[in-house]
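# Inside the fold
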Amino acid sequence: MLVETHAHLDYPDFANDFDDVLRRATEAGVTRIITIGTSVESSWRAVDLAEKHPNIFAVIGVHPTYAEEAEEDVITPLRKLANSPRVIAIGETGLDYHHLPSVSAAKENKVQVFARALQGETEEEIEASIQDGAYKSRQASLFQQQLDLAVELGLNVVIHQRDAWDDTLEIMKPHTGKLRGVFHCFGGTLEQANEVLDRDHLVSFTGIVTFKNGAAVRQVAAQIPLWKFMVETDCPYLAPVPFRGKRCEPAHTRIVAETIANARCISLQEVADFTTETAEKFFRLNRA
Ligand SMILES: [Zn+2]
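Attention shifts here to the overall build of the chain. When helices and strands are tallied, the chain shows eleven helices and eight strands. Overall, the chain is about 60 × 45 × 40 Å in size when its C-alpha atoms are taken along their principal axes. For the chain, with 288 residues in total, the buried portion stands at 54%. Considering only residue pairs separated by 6 or more positions, the chain has 74% of its internal contacts joining residues 24 or more positions apart. Accessible surface, the chain as shown: approximately 13300 Å² in total, 51% of it carbon and sulfur. Distance between charge centroids for the chain: 5 Å, based on 29 positive and 42 negative side chains.

Encoded structure:
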């Protein structure tokens with residue numbers, strides 16, 4: 001029995017064969033699925049799915065890459081949604097600096113703005129760094145508000161972090177001891193994994209552990225304590241080998257768990273037992 005801890009079941013990718021997707025998950029031993037909201041609307045859909053299906057649970061939040069489109073007040077609607085007993089955490093929230101305005105602008109103009117951005121010499125460069133600052137602070141504000149909401153509601157958080165490691169940890173620091181986070185789709189080093197595990201957070205692994213170029217993260221998954229991580233797919237993204245490039249689905253959680261079991265030279269059953277217990281505790285699944 002496995003728990004798929006990070007799926008986006010509300011995405012249109014699953015609209016045509018939703019029941020088959022659920023059936024294949026059950027057949028693969030993936031008996032519970034946590035679906036993750038990425039905007040207020042997506043969170044609303046996640047709760048709706050969780051209320052209709054006893055084996056689906058909802059996490060509600062606004063993804064950092066939606067920061068610019070997000071409504072001014074996302075907290076009021078999220079707080080209201082959290083009244084549903086099917087809501088088990090806040091997220092995914094965090095920071096994502098992978099598509100900073102300066103980088104996009106540099107790509108569009110085909111100029112090397114990025115390389116010189118720090119010097120800020122030309123007007124364009126100064127403009128780009130102002131835009132980056134605004135973009136980052138909007139993300140930081142949304143992240144902070146959602147962490148506060150999680151503390152208020154006594155819930156844990158699902159963290160999305162990309163190219164923003166230090167800032168993410170910095171913003172979470174004041175909440176240490178008040179909430180726990182799972183750094184989902186973990187792709188960092190063993191050192192970084194230990195940094196968050198030492199603060200009583202968790203990590204979770206996706207199909208990246210099956211990739212040819214995923215050796216480093218596979219090693220991390222093999223080395224950290226068995227009770228400190230969970231498994232997920234982040235579907236519809238990141239389908240594991242041999243489905244790479246295709247639409248991913250919750251059934252593939254089993255492949256992620258099998259790959260980690262192989263890397264640790266233990267049985268799938270053992271990985272399933274530990275990751276399930278970790279997920280049950282972290283998300284308090286038995287109370288939802
Ligand atoms: Zn996600």
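Let us look at the coordination of the zinc ion. Protein-derived ligands of the zinc ion are H6 (NE2), H8 (NE2), E92 (OE) and D234 (OD), with the metal-ligand distances lying across 2.2 to 2.5 Å. Around the zinc ion sit four donor atoms, and with donor-metal-donor angles ranging over 84 to 175° the site reads as irregular. Binding-site remark: the zinc ion is held by donors from one chain whose sequence spacing is H-x1-H-x83-E-x141-D. With a gap of 228 residues between them, H6 in strand β1 (residues 2-7) and D234 in the loop between β8 (229-231) and α10 (253-264) connect regions that are remote in the sequence. Overall, the relative accessible area of 1% leaves H6 in the buried class. Of the residues examined, D234 reaches a relative accessible area of 10% and is grouped as buried.

Bringing the pattern of salt bridges into the picture now. If you walk through the whole model with that rule in mind, you get 15 salt bridges. With a closest N to O distance of 3.4 Å, R24 and D17 form a salt bridge. Close ionic contact of E277 with K281 constitutes a salt bridge, the shortest N to O distance being 3.1 Å. In this pair, E277 and K281 are both assigned in helix α11 (residues 268-282), four residues apart and thus about one turn of the helix distant. Of the residues examined, E277 reaches a relative accessible area of 42% and is grouped as partly exposed. Put simply, D17, R24, R247 and E249 are held in one network by salt bridges that share partners.

In terms of burial, strand β2 (residues 30-36) is largely enclosed, as six of its seven residues are buried. Pairing analysis gives four bridges linking β1 to β2, with the strands arranged parallel. Paired with A7 across the strands is T35, a residue of β2. At this point the chain moves from β1, through helix α1 (residues 18-27), to the parallel β2, and the crossover so formed is right-handed. By the bridge criterion, four bridges tie β2 to strand β3 (residues 56-60) in an arrangement that is parallel. Pairing of I33 across the sheet is with I56, part of β3. At this point the chain moves from β2, through helix α2 (residues 40-52), to the parallel β3, and the crossover so formed is right-handed.

Analysis parameters
Residues numbered from 1 in each chain as written. Predicted model: local features only at pLDDT ≥ 70, side-chain atom pairs only at ≥ 80, totals over all residues. Heavy atoms only, no water. Helix = DSSP H or I, 4+ residues; strand = E, 2+ residues; numbered from the N terminus. Buried < 20%, exposed > 50% of the residue type's maximum accessible area, 1.4 Å probe, protein only. Contact = heavy atoms within 4.5 Å. Areas by Shrake-Rupley, 256 points an atom, 1.4 Å probe, with all protein chains shown as cover. Lys, Arg positive; Asp, Glu negative; His and termini not counted. Charge placed at Lys NZ, Arg CZ, Asp CG, Glu CD. Donors = N, O, S within 2.8 Å, 3.2 Å for Na, K, Ca; no water. Tetrahedral: all angles 85-135°; square planar, octahedral: opposite > 155°, others 65-115°. Salt bridge = Lys/Arg side-chain N within 4 Å of Asp/Glu carboxyl O. Pairing = 2+ DSSP bridges. Right-handed = clockwise from strand over helix to strand, strands pointing away.

In short, geometric facts, not functional conclusions.
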